[in-house]
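Here is what each chain is made of, one letter per residue.
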Amino acid sequence: MDFFTPIVDDPYTFGQVAAANALSDVYAMGGRPLTAMNIVCFPVRTMEMAVLNRILTGGLNKLHEAEVTLVGGHSVEDQELKYGLSITGIVHPEKVVLNTGARPGDSLVLTKRLGTGIVNTALKGEMASEEAVAQSTRCMTALNRRAAEVMLTADVHACTDVTGFGCLGHACEMIEGTDVGVVINASAVPYIPEAKEYAEMGLVPGGMHRNRDFRRNMVEFGPDVPLYMSDILFDPQTSGGLLIAVPGSQAQALAARMRAEGVEDAAVVGEVVAEPRGIIRIS
């Protein structure tokens with residue numbers, strides 16, 4: 001289950017983002033979502049019911065795209081609008097993909113651009129361009145369904161969806177307490193171009209600073225990596241992509257298959273290494 005307050009202005013789009021986000025946990029585990037239940041907190045005294053109708057329509061249409069059946073839901077009156085869903089899916093017990101298990105020699109494939117949190121912060125400050133908002137919205141409303149389906153054609157060792165902890169925060173979860181480390185190639189990481197400009201202007205969400213502070217001891221940045229790239233890699237995402245560990249010999253072909261299947265931003269962004277253990281280096 002996942003739900004949150006609006007991160008876009010349009011109610012219909014908010015519903016789509018919330019639904020895509022809630023579905024991602026099932027996709028990341030190699031599962032197939034089957035049913036959903038709406039979770040609604042709504043200020044009935046201060047907001048028109050037409051707004052809720054648009055939110056629920058957006059969520060329902062995204063569920064239809066995912067071929068998931070809405071079976072019910074629950075709503076409460078609240079002073080602050082919130083929406084999300086509880087998702088039930090299935091996966092073979094011997095084929096569950098965990099967010100740990102990456103091995104030395106694996107490569108990391110990222111399936112969506114980063115920077116949506118930074119763009120959303122610029123939007124709140126009325127400084128985001130229409131193109132940046134459009135790109136961010138496309139990222140957040142895109143299902144991870146096809147990426148997950150193509151992922152399962154490879155020998156997947158680990159996978160996580162990239163959400164509130166940012167790309168580096170979730171990468172840290174993949175190796176925490178294990179005998180491996182990670183090297184990220186900063187120049188290979190896809191991101192929304194305007195996120196660089198906004199980060200350099202200081203338009204970053206508070207969650208980015210918390211993510212960086214929490215994982216500071218596990219992350220090392222090379223001297224040539226610009227500060228804005230640190231901001232983007234720690235930027236909290238909503239309905240972000242998948243970060244997948246697969247054998248290095250399969251990674252480029254997997255990313256190419258994903259791009260051919262419409263996962264346009266899929267890219268090999270790093271590798272899993274034996275040393276140093278428990279550390280992520282960005283070069």
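Residues numbered from 1 in each chain as written. Predicted model: local features only at pLDDT ≥ 70, side-chain atom pairs only at ≥ 80, totals over all residues. Heavy atoms only, no water.

A. The arrangement of the overall build of the protein chain in detail. For the protein chain, the helix and strand inventory stands at ten helices and eleven strands. Radius of gyration (C-alpha) of the protein chain: 18 Å, near the 19 Å computed for a compact globule of 283 residues. Seen through its C-alpha atoms, the protein chain measures out along the principal axes to roughly 55 × 45 × 35 Å. In the protein chain, buried positions account for 52% of the 283 residues. Here the analysis covers contacts within the protein chain between residues at least 6 apart in sequence; of these, 88% occur between residues at least 24 apart. As displayed, the protein chain has an accessible area near 12,800 Å², and 51% of this comes from carbon and sulfur atoms. Distance between charge centres in the protein chain, computed from 22 positive and 34 negative side chains, equals 3 Å. (Helix = DSSP H or I, 4+ residues; strand = E, 2+ residues; numbered from the N terminus. Rg over C-alpha atoms; globule rule 2.2 N^0.38 Å. Buried < 20%, exposed > 50% of the residue type's maximum accessible area, 1.4 Å probe, protein only. Contact = heavy atoms within 4.5 Å. Areas by Shrake-Rupley, 256 points an atom, 1.4 Å probe, with all protein chains shown as cover. Lys, Arg positive; Asp, Glu negative; His and termini not counted. Charge placed at Lys NZ, Arg CZ, Asp CG, Glu CD.)

B. Seen up close, the packing of helix α3 (residues 116-124) against helix α7 (residues 193-200). Contact geometry for α3 and α7: axes closest at 9 Å, N-to-C directions at 60 degrees. Classified by the angle their axes make, α3 and α7 are oblique. As α3 packs across α7, the resulting crossing turns out to be left-handed. Seen from α3, the contacting residues are I118, V119 and A122; seen from α7, they are A195, Y198 and A199. The class makeup of the residues in the contact of α3 with α7 is six nonpolar, no polar and no charged. (Axes fitted to C-alpha atoms, helices over the stretch in contact; angles between N-to-C directions. Parallel < 35°, antiparallel > 145°, perpendicular 65-115°, else oblique. Left-handed = near helix turned anticlockwise from the far one by under 90°. Nonpolar A, V, L, I, M, F, W, Y, C, P; charged D, E, K, R; others polar.)

C. How the structure looks around the nonpolar core. Membership of the largest hydrophobic core comes to 46 residues, with the highest contact counts inside it found for L23, L85, V109, I244, V246 and M258. Sorting the residues of this core by element identifies α1 (11-28), β2 (32-42), α2 (49-66), β4 (82-90), α5 (145-151), β9 (242-247) and α10 (248-260) as the ones contributing at least two each. By residue number, the principal contributor to this core is α1, which donates ten residues. Counting residues in each nonpolar core, the second largest holds 43 residues, with C167, A195, Y228 and F234 among its members. (Core = buried A, V, L, I, M, F, W, Y, C linked by side-chain atoms within 4.5 Å.)

D. Local environment of the packing of α7 against helix α9 (residues 227-234). Orientation of α7 relative to α9, taken along the N-to-C sense of each, is 115 degrees, at an axis distance of 9 Å. It follows that α7 is roughly perpendicular to α9 by the angle criterion. α7 and α9 meet at a crossing whose hand is right-handed. Where α7 approaches α9, its residues A195, K196, A199 and E200 are matched on the opposing element by Y228, D231 and I232. Class assignment of the residues belonging to the contact of α7 with α9 gives a composition of four nonpolar, no polar and three charged.

E. Representation of the side chain of S107. Relative to the helices and strands, S107 resides in strand β5 (residues 106-110). Taking the relative accessible area as the measure of exposure, S107 reaches 12% and is therefore buried. Look past the residues within four positions of S107 in its chain and what remains in contact with it is I244, A245, V246, P247, G248, A251, V268, G270 and E271.

F. How the structure looks around α9. Counting buried positions along α9 yields seven of eight residues, so the element is predominantly enclosed. Taken together, the buried positions of α9 are Y228, M229, S230, D231, I232, L233 and F234. Residues of α9 that are buried sit in contact with α3, α6 (166-175), α7, α8 (206-215), β8 (219-221) and β11 (280-282).

G. Expanded view of the sheet that holds strand β3 (residues 69-77). Strand order across the open sheet formed by four strands is β1-β4-β2-β3, with mixed pairing between neighbours. Where the open sheet ends on each side, the last strands, each with one partner, are β1 (2-4) and β3. Within this sheet the neighbouring strands show an average axis-to-axis angle of 15 degrees, counted without direction. As judged from the three bridges shared by β1 and β4, these two strands associate in the antiparallel manner. Residue pairing in the sheet places D2 in a bridge with L85 of β4. Contacting β2, β3 and β4, α2 crosses the sheet at an angle of about 170 degrees to β2. (Pairing = 2+ DSSP bridges.)

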